[in-house]
Every structure is written in structure tokens, then in C-alpha cells.
Amino acid sequence: MKKILIALCGKAPQVITETLYALYIKNSFPERLVILTTEIGRTLCRAALLPPNNGKISSLMKHLHINLPIILRDEDILTPISSKHCQVNDIYTEDDSRCFLNLCLNIVFTLSQDSDSELIFSIAGGRKTMSAALV
């Protein structure tokens, strides 16, 4: 069964590598990572996590001696779109929260359709409203 981590992230991408380490310790390391964040968080995640040779995820993988790379693609760092069809920079308004909730519902529904996948949720990152939307 393929494990997919759906993780929330605010302005601190290190919460993602901390979560991955905790999952490694529990022998539940995922094969794929999907990050739900805001536009500000997306920019920070892309800079810190995505670079294949010097990003924080590749550093963690080397440190833990994990040979199979976790799949994190640019298109797996997802942000909500506002009702005005703009990227949500941060969660400031009720509309921003509603848009983030819709993102959470859509991605969980989509990923849960594969019966060969186990979804793991991390609500450690981001604002409390983001965590409430995912649970």
C-alpha cells in the first residue's frame, strides 16, 4: 500500500521535514508528499524543500540513508484560489478559510479514491484554521 502524506504548512517548511522524521521513526515513511499551504508558504516550501540535491528533504533522505526518494513535485504544493480567482497569500478572512477548506476537501476526496493508497495527515503546520479545515 502506497503511503501519501498530506501535510499543512504555513511559513515554516521545517515542520515538513520534522514530520517526515517522526514518520521514519514510526516506520511509516511515505512515498509521496502533498503540501497544502498558502501562496506565501508555497514560495517558502519551494525554496527550502524542492531542490533535488540541496533541499531539506534530500538532505534528510541522505541523513537517514533512505534510497527511495519521496515524491514531491512542484504541483504537489497546493494553494487555495480565492473566490476572486486569485492565489490566497495567507488566511486572513472567512473567504480565505472557506477556500482553504475547499482545497482540503478536494484533495482528500481525490486522493482517497485510490484504494491502494493510505493517507497520512499532518496538521502541525499553518494556522489553526488550516488544521481545522483538514480534520
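Residues numbered from 1 in each chain as written. Predicted model: local features only at pLDDT ≥ 70, side-chain atom pairs only at ≥ 80, totals over all residues. Heavy atoms only, no water.

Concerning helix α4 (residues 94-111)
Move 1: For α4, with 18 residues, the first-to-last C-alpha span of 26 Å sits near the 26 Å given by 1.5 Å per residue.
Move 2: By the burial criterion, the buried members of α4 are Asp96, Cys99, Phe100, Leu103, Cys104, Ile107 and Leu111. With its buried residues spanning 140 degrees around the axis, α4 presents them on a single face. In this structure, α4 carries Glu94, Asn106 and Phe109 as exposed residues pointing more than 90 degrees from its buried face.
Move 3: Among the structural elements, β1 (2-8), β2 (32-36), β3 (77-78), β4 (117-122) and α5 (128-134) are those in contact with the buried residues of α4. (Helix = DSSP H or I, 4+ residues; strand = E, 2+ residues; numbered from the N terminus. Expected span 1.5 Å × (residues − 1). Buried < 20%, exposed > 50% of the residue type's maximum accessible area, 1.4 Å probe, protein only. Arc of directions from axis to C-beta. Contact = heavy atoms within 4.5 Å.)

Comments concerning the environment of Glu118
Move 1: The residue Glu118 is located in strand β4 in this model.
Move 2: Spatially, the C-alpha atoms of Glu118 and Lys3 are 4.8 Å apart, while their sequence positions differ by 115 residues.
Move 3: Dropping the residues within four chain positions of it, Glu118 is found in contact with Met1, Lys2, Lys3 and Ile4.

A few points about the state of the cysteines
Move 1: Within this structure, the stated rule accounts for zero disulfides.
Move 2: Residue Cys45 stays outside any disulfide, its sulfur separated by 3.5 Å from that of Cys9, the closest cysteine.
Move 3: On the accessibility criterion, Cys45 (0% relative accessible area) is buried.
Move 4: Cysteine Cys86 shares no disulfide, and the gap to the nearest cysteine sulfur, in Cys99, comes to 10 Å.
Move 5: A relative accessible area of 44% means that Cys86 is categorised as partly exposed. (Disulfide = S-S within 2.5 Å.)

Let's talk about the environment of Phe29
Move 1: Position of Phe29 among the secondary structure elements: in the loop between α1 (14-25) and β2.
Move 2: Take Phe29: its relative accessible area is 16%, and that puts it in the buried class.
Move 3: For the pair Phe29 and Met1, spaced 28 residues apart in the sequence, the C-alpha separation amounts to 12 Å.
Move 4: When residues no more than four places from it in sequence are discounted, the contact partners of Phe29 are Lys3, Leu20, Leu23, Tyr24, Met61, Ile66 and Ile70.

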